[in-house]
Structures are given as C-alpha cells and as structure tokens.
Amino acid sequence: MMKKMQIDRFEENFVILADDDMKTMDIPKDFFSFAIHEGDILEIEFDGAKPVSARFLADETEAAKARTKSLMERLKNKKR
C-alpha cells in the first residue's frame with residue numbers, strides 16, 4: 001500500500017508524519033536514505049503497517065509551501 005504523508009516534525013530519533021486525516025505515525029530517522037525536512041511530502045510504501053520505502057514528492061512539497069505562503073500573506077494583509 002502507498003500513502004502520501006507530510007513530515008510534521010522531528011522528535012529525538014524519529015520523524016513524525018501526518019496523513020490527510022491528521023493521523024500521525026513515527027518512523028526512525030535512519031529509515032530515510034535522503035535528506036528530509038519539516039513540511040516535506042513523501043510517498044511511503046507499506047507492507048502491512050511496516051514502511052518499506054519512501055520517496056520525496058518535490059512538486060507536491062513546493063505546491064504546499066506556495067499555498068502556505070499565500071495564506072500567510074493574506075492573513076498578514078488582513079491585519080492591516
């Protein structure tokens with residue numbers, strides 16, 4: 001099963017991921033073979049409940065960052 005998840009935060013040696021329903025899951029940092037950052041969107045492949053692979057979704061991550069930036073600008077301008 002494949003699932004898209006976003007990196008919510010880091011806690012000690014774990015990456016805390018959240019799905020679209022805001023359900024969270026923690027995976028050891030050393031599972032990832034590439035650089036990861038808060039806010040990154042990943043596609044995780046699972047075998048049952050165990051993650052077996054992950055890939056960074058650059059386009060989706062950039063789109064999410066752009067939406068967040070736009071929202072922050074609208075909120076900032078609304079205060080004026």
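Chemist: Got a minute to help me understand a nonpolar patch on the surface in this structure?
Modeler: A contiguous nonpolar patch, built from Leu71, Met72 and Leu75 and spanning about 280 Å² of accessible area, is present on the exposed surface. Structurally, Leu75 is set in helix 1 (residues 58-79). For Leu75, a relative accessible area of 42% puts it in the partly exposed group.

Chemist: Quick question: what am I supposed to make of unusual backbone geometry here?
Modeler: Most peptide bonds take the trans form, and the phi angle of most residues other than glycine is negative. In this structure, Glu12 is a non-glycine residue whose phi angle is positive, near 50°. By the secondary structure assignment, Glu12 is in the loop between strand 1 (2-11) and strand 2 (14-18). On the accessibility criterion, Glu12 (73% relative accessible area) is exposed. For Met22, which is not glycine, the phi torsion reads 65° and is therefore positive. Secondary-structure assignment places Met22 in the loop between strand 2 and strand 3 (24-28). Given a relative accessible area of 61%, Met22 falls into the exposed group.

Chemist: Quick question: what am I supposed to make of the sheet that holds strand 1 here?
Modeler: The strands that make up a sheet pair up through hydrogen bonds in the backbone, lying either parallel or antiparallel. Here we have five strands laid out as an open sheet, ordered 3-2-1-4-5, and antiparallel in their pairing. Unpaired on one side and paired on the other, strand 3 and strand 5 (50-56) mark the two borders of the sheet. Geometrically, the sheet is characterised by an average inter-axis angle of 45° between neighbouring strands, direction not taken into account. As paired elements, strand 2 and strand 3 share five bridges and run antiparallel to each other. Directly across from Leu17, in strand 3, lies its bridge partner Met25. Packing of helix 1 onto the sheet brings it into contact with strand 1, strand 4 (41-47) and strand 5, and relative to strand 4 it is tilted by some 135°.

How each quantity is defined
Residues numbered from 1 in each chain as written. Predicted model: local features only at pLDDT ≥ 70, side-chain atom pairs only at ≥ 80, totals over all residues. Heavy atoms only, no water. Patch = residues over 30% accessible without salt bridge, like charges linked within 9 Å, V, L, I, M, F, W, Y side chains within 5 Å. Areas by Shrake-Rupley, 256 points an atom, 1.4 Å probe, with all protein chains shown as cover. Salt bridge = Lys/Arg side-chain N within 4 Å of Asp/Glu carboxyl O. Helix = DSSP H or I, 4+ residues; strand = E, 2+ residues; numbered from the N terminus. Buried < 20%, exposed > 50% of the residue type's maximum accessible area, 1.4 Å probe, protein only. Pairing = 2+ DSSP bridges. Axes fitted to C-alpha atoms, helices over the stretch in contact; angles between N-to-C directions. Contact = heavy atoms within 4.5 Å.

Geometric values such as these leave the question of function open.
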